[in-house]
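Summary of the model geometry
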Amino acid sequence: MNFLNKQFATIDKNSPLELSRRQFLQATGVGGGLLVGSGFISLTIPADAATVSDAPVFNAFLKITPDNNVIVAIKHMDMGQGVSTGLTTLIAEELGARWDQIQFEFAPADATRYNNLFWGPTQGTGGSSSIANSWQQLRTAGAAAREMLQAAAAAEWKVPQAEVQIKNGVVSHGKHSSEFGVLVATASTLPAPQKPVLKDPKDFQLIGKKIPRKDSADKTNGTAIYTQDIQLPGMLTALVAYPPQLFGKAKKVDVAKAKASPGVIAVVEIPRGVAVVAENFWAANKARKLLAIEWDLSACETRSSDELFAACHEAASKTGHIVKNTGDASAALKKSEQVIEAKYEIPYLAHAAIEPLNCVVKVDKNQCEMWFASQMPTIDQMEVGKVTGLKPEQVKINSLYAGGSFGRRACAGDYVVDAAQIAKQLPGRAIKMVWTREDEILNARYRPMAVHHLRGAVSPDGKALAWQHHAVAQSIMRGTPFEGMIQGPLDNSIVEGVNDMHYAIPNLQVQGTEIPIKISTLWWRSVGHSGNAFVIETFIDQLAKSAKKDPVAFRRELLANEPRALGVLNLAAEKANWGKPLAAGVSRGIAVHKSFGTWVAQVAEVRINADKTFNVERVVCAVDCGVAVNPDVIAAQMEGGIGMGLSAALGEAITLKNGVVEQTNYHTYTPLRIDSMPKVEVHIVPSAEAPTGVGEPGLPPIAGAVGNALFAATGKPVTKLPLGNKV
Amino acid sequence: MISLTINGKKQELDIDPDTPLLWVLRDELHMTGTKLGCGMALCGACTVHMDGTPVRSCSIPVSAVANANIQTIEGMNSVAFQAVQKAWRDLDVVQCGYCQSGQIMSATALLQTNKKPTDEQIDAAMSGNLCRCATYHRIRNAIHQAADAIGKTASTVGGKA
Ligand code: FES
Ligand code: FES
């Protein structure tokens, strides 16, 4: 195989996303250790890097077999968001392939080729960036291969290359026609075109069409392989006894009984706990219960949830870091006759993906091999390298499907490190470290709890006049390897969506305060937006009421200069028959929010029953995410975002009692079940803008939409999550 | 020695009798289509059929199923299962997919006893199966579609679910 240095389009240097790239570089400290050469987007494939099948390689993202299978390398983690369909679509489109000849493989950990273009030299998945950062890159990769096939055909048939057509997997010119397979041996050795020509969007055959998912077949017959499912010769299962609280340490450990338990191979201490390594899960699980460990919990949190909320309220009553100041909110409020005040409380949440976290590791002398769903392979390589004394590039990661993540797998110093700590004490043996559900909830990294204090007013003629907002929460990144991403004095996730709100409020002041709590937090699907959108959208309805205006009409005025916001707002309102009468006992609420570049509006229809319980019966959703690469995957992500957002809005909370998390499993931490899932309708705003993400943006509006429907019905402001099931 | 019948095949296993069926399937027999989610009969990821009835394999000791006929997703081929699987694929129900073996096992069991379930009956039968990706909306639609498909086959060829 002849692999050439095939450089393709990189990120637009003028893009605002370049900023997050720099932040990420700084944050992760990934300077050059992992980089080969200078460019972070070298698409060279080293000769030893052939992934699963040995087919002629066109570039880092694309192989074609002699029997016409097109194999696409997926550089992002598939956690259900549809990357194995969306990313393959981009290549298939430009290549001119048939959808049924497209297959995929997960790319190995290698930031020199598979970095997230928005994150600099870091490979990883998050921020709803998979399609957005790959949009030019993968289309270019597909177009380059198409031109190489055309060139090979032109040479073979002795015709001008420009006249060679490729469509539906067939290369043709006049009387000549051929499938890809017979041409790939030659085509793949040709020099890659420097500037392959991308298709005119009007010629798209696949992008924008409803085409079937690539992962449906193996996820419906039990053959899809997740980390839990890895079986290797001689593999052992490890379970870790963790302290009952974060920052706890083992003081005295008696392993005798556990060691003597049937099937146990070893008991090893690791920095965060004590691991039992056994022949199988059940043996490890039984033996773990036999460990006698005395924990030192002196460094742990001692407060309960009500004390923590009280501390947050106290912080919110003082002045915080002012992160946005337009006009003079204080003065405007002082002059207003009627000031609306609201104090919000939002709880900790757990990711609670159905697949508990797990990781398979085998440490050998000069290599460490891992099998798991890695959300940030570059970080995982660095951290495991540190633990094992290997170079990051000696850490080989075989990427697998993730049984959900919602942000949880994008973390540092966590389960991956624990697994490596165990495996390095048992070199040469594959170790599968698994967490039970209880381990997962206990060692969760929660969506931060938050308190928001708001004051607002409308002018006598019913226009929004002033908005003063103070958000208090724990920083997700401070004190972690991601700390470098914090710009300025405040972790932006605390105020995101608020300080950059799109409502034209003439006097707007946003303050934020970080509050230290000894609980581990992390990005949870849509990060700060997950709670902040609820606050903003329910407060807007309070202002609308004060202005005696319809919530949609009030928003339209404030979004007059935001055409994309208006687009989703109007579409959702129209499709939900906003303003038309509803059945008795049913009310409507609307919310609109932008996150990760994507606009979403949702209308919730809520029925309040005679016994004061309520059900969310129907949600109408409008989304503008630029070009809709796969409308059905977009709809699925909106449905899922709505379901998960509703789950949190109605019934999820992690609470602490004397510093100890009170929830342990799905009976006390209670995600939404099918009987609470509303009917969902998704409408996509047609757009020619570059695509933005959909994995997260469907989530933020729903809590506000439901809260506003309840407010419309009862007149009582809704300021606390979860809402429960009663008004 | 415990003898088991899994997907129609008799198996003799030398195993701790209190091992949950789930771990026999996964660790001993390497049949990994059946998943661990909670280990407490709360999520349904581990659903298998025991003499045709959906059960949570994480919470049944293997000693309790010695005389039963266990079906896992790997061995399913009934008319109802095929209709369910096809509907799941037609509607692209899956997201992360991790819960879906369990969902499909529960849905198949429902359609084996109720040919034309209503939304309420679907919700009741499926409410033991969590999906954190919240694919519920499509699950409901897919079960209706599978029921319709079975109905059509039955009326044309007189088949049985
Ligand atoms: S794993 Fe058995 S019900 Fe959750
Ligand atoms: S598809 Fe992810 S948990 Fe159901």
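Residues numbered from 1 in each chain as written. Chains lettered and ligands numbered in written order. Predicted model: local features only at pLDDT ≥ 70, side-chain atom pairs only at ≥ 80, totals over all residues. Heavy atoms only, no water.

1. Section: the packing of helix α13 (residues 529-546) of chain A against helix α14 (residues 551-558) of chain A
Helix-helix packing is characterised by the crossing angle of the two axes and by the distance between the axes. Residues and elements named next belong to chain A. At a minimum axis separation of 9 Å, α13 and α14 run at an interaxial angle of 105°. Classified by the angle their axes make, α13 and α14 are roughly perpendicular. On α14, the residues touching Glu-537, Ile-540, Asp-541, Leu-543 and Ala-544 of α13 are Pro-551, Phe-554, Arg-555 and Leu-558. Of the residues in the contact of α13 with α14, the class split is six nonpolar, no polar and three charged. (Axes fitted to C-alpha atoms, helices over the stretch in contact; angles between N-to-C directions. Helix = DSSP H or I, 4+ residues; strand = E, 2+ residues; numbered from the N terminus. Parallel < 35°, antiparallel > 145°, perpendicular 65-115°, else oblique. Contact = heavy atoms within 4.5 Å. Nonpolar A, V, L, I, M, F, W, Y, C, P; charged D, E, K, R; others polar.)

2. Brief notes about the nonpolar core
Residues Leu-149, Phe-180, Trp-467 and Val-706 of chain A together with Trp-88 of chain B are the most contacted members of the largest nonpolar core, which totals 218 residues. Tallying contributions element by element places helix α4 (residues 130-157) of chain A first for this core, with eleven residues. Among residues more than four places away in sequence, those in contact with Phe-180 of chain A are Ile-64, Asn-68, Val-70, Leu-95, Gly-96, Ala-97, Gln-101, Leu-149, Ile-166, Gly-169, Val-170 and Val-171 of chain A. By size, the runner-up hydrophobic cluster in this structure holds 48 residues, among which are Val-361, Ala-419, Phe-482 and Ile-486 of chain A. (Core = buried A, V, L, I, M, F, W, Y, C linked by side-chain atoms within 4.5 Å. Buried < 20%, exposed > 50% of the residue type's maximum accessible area, 1.4 Å probe, protein only.)

3. Things to note about the domain arrangement of chain A
All names here are of chain A. Splitting chain A by domain gives domain 1 (16-216), domain 2 (227-298 + 357-434) and domain 3 (305-349 + 446-714). Buried area between domain 1 and domain 2, summed over both chains or domains, comes out near 1,600 Å², and the portion from carbon and sulfur atoms is 65%. Across the domain 1-domain 2 interface, the total number found is zero salt bridges. Of all the secondary-structure elements, those providing two or more residues to the side of domain 1 that touches domain 2 are α1 (17-28) and β4 (102-106). (Domains from an automatic or database assignment. Buried area = accessible area lost by both parts, 1.4 Å probe. Salt bridge = Lys/Arg side-chain N within 4 Å of Asp/Glu carboxyl O.)

4. A short note on the interface of chain A and chain B
Bring the parts together and some accessible area is lost; that lost area is often taken as the interface size. With 61 residues of chain A in contact, the opposing surface of chain B contributes 51 residues. Interface area, chain A with chain B, both sides summed: about 4,600 Å², of which 54% is carbon and sulfur. Taken as a group, Thr-220, Ile-354 and Ile-674 of chain A account for 18% of the area that chain A buries against chain B, more than any other trio of residues on that side. If you look at where chain A meets chain B, you find eight salt bridges. The partner of Arg-138 of chain B in a salt bridge is Asp-632 of chain A, and the shortest N-O contact between them spans 3.1 Å. Elements represented by at least two residues in the side of chain A that touches chain B include exactly α7 (281-288), α12 (437-442), α16 (631-651) and β27 (679-684) of chain A. No other element matches the nine residues that α16 of chain A contributes to the side of chain A that touches chain B. Of the residues in the side of chain A that touches chain B, the class split is 29 nonpolar, 17 polar and 15 charged.

5. Some words on the sheet that holds strand β10 (residues 264-270) of chain A
Residue and element names in this part refer to chain A. Within the open sheet, the seven strands sit side by side as β10-β11-β8-β18-β15-β16-β17. Their pairing is mixed. Both outer strands of the open sheet, β10 and β17 (395-399), are each paired with one neighbouring strand and no more. Across the sheet, the mean angle from the axis of one strand to that of its neighbour is 25°, orientation sign disregarded. Of the strands in this sheet, β8 (236-241), β10, β11 (273-278) and β18 (430-434) are in contact with α7, which crosses β8 at around 25°. Where helix α10 (residues 377-388) meets the sheet, its contacts fall on β15 (358-363), β16 (368-372) and β17, and the angle it forms with β17 comes to roughly 140°. (Pairing = 2+ DSSP bridges.)

6. Digging into α13 of chain A
Residue and element names in this part refer to chain A. With 18 residues, α13 should reach 26 Å at 1.5 Å per residue; the first-to-last C-alpha distance of 25 Å fits that figure. The buried fraction of α13 amounts to 17 of the 18 residues, a majority that puts the element mostly inside the structure. Note on α13: the residue one or two positions beyond its end, Lys-548, has a positive phi of about 55°. (Expected span 1.5 Å × (residues − 1).)

7. Overview of the pattern of salt bridges
Using the criterion set out here, one finds 48 salt bridges over all chains in the structure. Residue Glu-652 of chain A is joined to Arg-132 of chain B by a salt bridge in which the shortest nitrogen-to-oxygen separation is 2.5 Å. Taken together, the residues span two chains, with Glu-652 of chain A in the loop between α16 and β25 (656-657) and Arg-132 of chain B in the loop between α4 (119-126) and α5 (136-157). Grouping residues by exposure puts Glu-652 of chain A and Arg-132 of chain B together as buried. Each member of the salt-bridge network shares a partner with another, and the members are Arg-272, Arg-408, Asp-414, Asp-418 and Arg-445 of chain A.

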